[in-house]
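Report on the structure
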Amino acid sequence: MQPVYEVHKLSKYYGRIRALDHLDLALAPGKLVGLLGPNGSGKTTLIKIGAGLLTPDQGSVLIGGMAPGPATKAIVSYLPDRMALPTEMTTKDVVSMYSDFFADFDRVKAQEMLRDLHLSDSQRIGSMSKGTQEKVQLCLVMSRAAKLYLLDEPLGGVDPAAREYILSTILRNYSEDSAVLFSTHLISDIEKVLDEVAILRQGKLLLHDSVDHLRQEKGMSVDEFFKEVFRC
Amino acid sequence: MNWNITAGRPVYVQLIEQLELAIVTGEYPPGSRIPAVRELAAEAGVNPNTMQRALQDLESRGLLQSQRTSGRIVSANQDTLHTLRVQRAEVYVADFLRQMHKLGYTQEETLELLQKATFPTVSNTKEES
């Protein structure tokens with residue numbers, strides 16, 4: 001099966017810093033993959049390259065067989081690691097904006113999710129707390145019927161109750177021909193719902209394996225494994 | 001049903017164990033239909049692919065049977081249920097004895113304690129799910 005997201009010998013430099021260093025990674029359709037790694041290991045860079053926001057210095061990137069560009073942006077749903085919605089808009093406005101921008105956006109689904117999370121239609125983005133802004137942004141991103149979801153820290157500032165709702169939303173919404181890649185540090189919260197984990201260390205792929213295989217082989221949870229590998 | 005996935009062991013192994021237990025204890029009695037994969041996965045908070053893998057394992061051992069259009073039903077017969085119950089009991093006993101051993105009890109002392117202990121009399125205490 002053709003991978004949804006495939007990078008080959010991918011490198012990206014910020015001056016002398018190697019953010020990604022000859023990285024090879026392929027995501028199969030139907031998989032929910034956790035992108036793990038310590039701070040500065042290249043997670044956000046990898047996600048931004050997939051979203052078409054950064055260009056690689058070396059190597060190749062294919063999304064559904066295409067190089068990043070307008071055509072891939074139509075099939076990639078990207079959640080940035082910071083707030084990127086216009087602060088003067090209300091929830092209702094941003095729903096309309098997404099529906100104008102993305103052909104695969106399901107307005108009804110977005111409204112349902114916003115309602116479930118008790119988010120008001122008329123509140124301005126700028127007047128929301130950080131966690132609430134993140135929830136709105138995630139509702140929008142998950143309401144698209146994309147081929148590839150790139151979620152950068154979707155759970156960071158969100159309370160535990162909403163976290164559970166968001167995880168089950170991700171589980172319910174991804175389909176067999178789409179893949180989800182999401183970066184997070186909350187490993188113990190999410191490892192049960194993942195198919196696979198990809199762990200980065202200093203821009204290189206340390207490991208890409210199924211969660212159950214890793215648990216079986218190492219006799220510990222992914223969380224414990226991570227702490228052992230990256231002990232400070 | 002009550003799911004409890006712990007760290008350290010593969011998730012699908014734990015799902016298999018807990019589904020087996022639900023079948024043995026009659027939570028899913030023979031002939032009954034079990035919920036759909038996605039529903040079970042959401043309930044347990046696990047990935048649907050992992051749940052699917054666990055269900056397929058039970059299916060391959062004849063405990064569940066796939067109905068072409070209407071999901072899965074519990075197809076375990078009384079013999080299989082009996083075997084499973086015995087296996088499970090042996091696991092519990094071995095586990096109990098290991099812990100008693102850790103506490104420094106001998107076999108005799110343990111048996112003596114067991115003789116004195118009272119077995120729960122109300123057998124149909126239904127657990128809330």
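Anyway, here's the lowdown on the structure attached to this text. If you're wondering where the values come from, they're calculated on a predicted model, not measured in any experiment. (Residues numbered from 1 in each chain as written. Chains lettered and ligands numbered in written order. Predicted model: local features only at pLDDT ≥ 70, side-chain atom pairs only at ≥ 80, totals over all residues. Heavy atoms only, no water.)

1. So, the nonpolar core
Selection rule: Buried residues of nine kinds, namely Ala, Val, Leu, Ile, Met, Phe, Trp, Tyr and Cys, make up a nonpolar core once their side-chain atoms join them within 4.5 Å. For every residue, the accessible area (1.4 Å probe, protein chains only) is compared with the maximum for its type, and the residue is labelled buried under 20%, exposed over 50%, or partly exposed between those bounds.
Among the nonpolar cores identified, the biggest contains 49 residues, and L32(A), V136(A), L140(A), L151(A), V180(A), F182(A) and L194(A) are the most heavily contacted of them. L19(B), V24(B), A44(B) and A76(B) belong to the second largest nonpolar core, which has 28 residues in total.

2. Topic: the pattern of salt bridges
Test applied: The working definition used for a salt bridge is a side-chain nitrogen of Lys or Arg within 4 Å of a carboxyl oxygen of Asp or Glu. Every helix listed is a DSSP run of H or I at least four residues long, and every strand listed is a run of E at least two residues long, numbered separately from the N terminus.
This model, assessed by the stated rule, comprises 16 salt bridges over all chains. Here K130(A) and E134(A) are joined by a salt bridge, their closest N and O atoms 3.4 Å apart. Remark: E134(A) and K130(A) occur in helix α5 (residues 130–142); sequence separation between them is four residues, near one turn of the helix. A single salt-bridge network, built from bridges that share partners, covers E20(B), D57(B), R61(B) and R88(B).

3. Examining the pairing of strand β8 (residues 196–201) of chain A
Residues and elements named next belong to chain A. What counts here: Paired strands are those between which DSSP finds at least two bridges.
Counting buried residues along β8, five of its six residues qualify, which places the element largely inside the surrounding structure. Alignment of strand β3 (residues 32–36) against β8, held across four bridges, turns out to be parallel. Of the residues in β8, the one forming a bridge with L35 is A198. Across six bridges, β8 lies against strand β9 (residues 204–210) in antiparallel orientation. The partner of I199 across the bridge, within β9, is L207. Linking β8 back to β9 in an antiparallel pair, the connection comprises two residues, with Q202 at a positive phi of about 45°.

4. So, the sheet that holds strand β1 (residues 33–34) of chain B
All names here are of chain B. How we decide: Any two residues having at least one pair of non-hydrogen atoms within 4.5 Å are treated as being in contact. A fitted line through C-alpha atoms represents every axis, and for helices the fit uses only the stretch in contact; the resulting angles, taken between N-to-C directions, go from 0 to 180 degrees.
Pairing is antiparallel in the open sheet, where three strands are placed in the order β1-β3-β2. In the strand order of this sheet, the two ends are held by β1 and β2 (64–66), each with one partner. Bridge analysis of β2 against strand β3 (residues 72–74) gives three bridges, and the strand direction is antiparallel. Bridging across to β3, Q65 finds its partner in I73. Sheet strands touched by helix α3 (residues 48–60): β1, β2 and β3. Its angle to β2, the strand with the most contacts, is close to 105°.

5. What to know about a nonpolar patch on the surface
Residues and elements named next belong to chain B. Using the following cut-off: By definition, no residue in a patch forms a salt bridge, and every one has over 30% relative accessible area; like charges are joined within 9 Å, nonpolar side chains (Val, Leu, Ile, Met, Phe, Trp, Tyr) within 5 Å. Only the protein chains shown count as cover for residues, and the accessible areas themselves come from Shrake-Rupley with a 1.4 Å probe.
Taken together, the side chains of V93, F96, L97, L111 and L114 present a nonpolar region at the surface, about 430 Å² in accessible area. Those elements that provide at least two residues to the nonpolar patch are α4 (78–102) and α5 (107–116). At three residues, the largest contribution of residues to the nonpolar patch is made by α4. Turning to its location among the elements, V93 is positioned in helix α4.

6. Here's the deal with the side chain of K12(A)
Note the cut-off: Counted charges follow a simple rule, with Lys and Arg positive, Asp and Glu negative, and His plus the chain ends left uncounted.
Within the secondary structure layout, K12(A) lies in strand β1 (residues 5–14). As a buried residue without a salt bridge, K12(A) has its nearest oppositely charged side chain in D57(A), at a separation of 4.3 Å.

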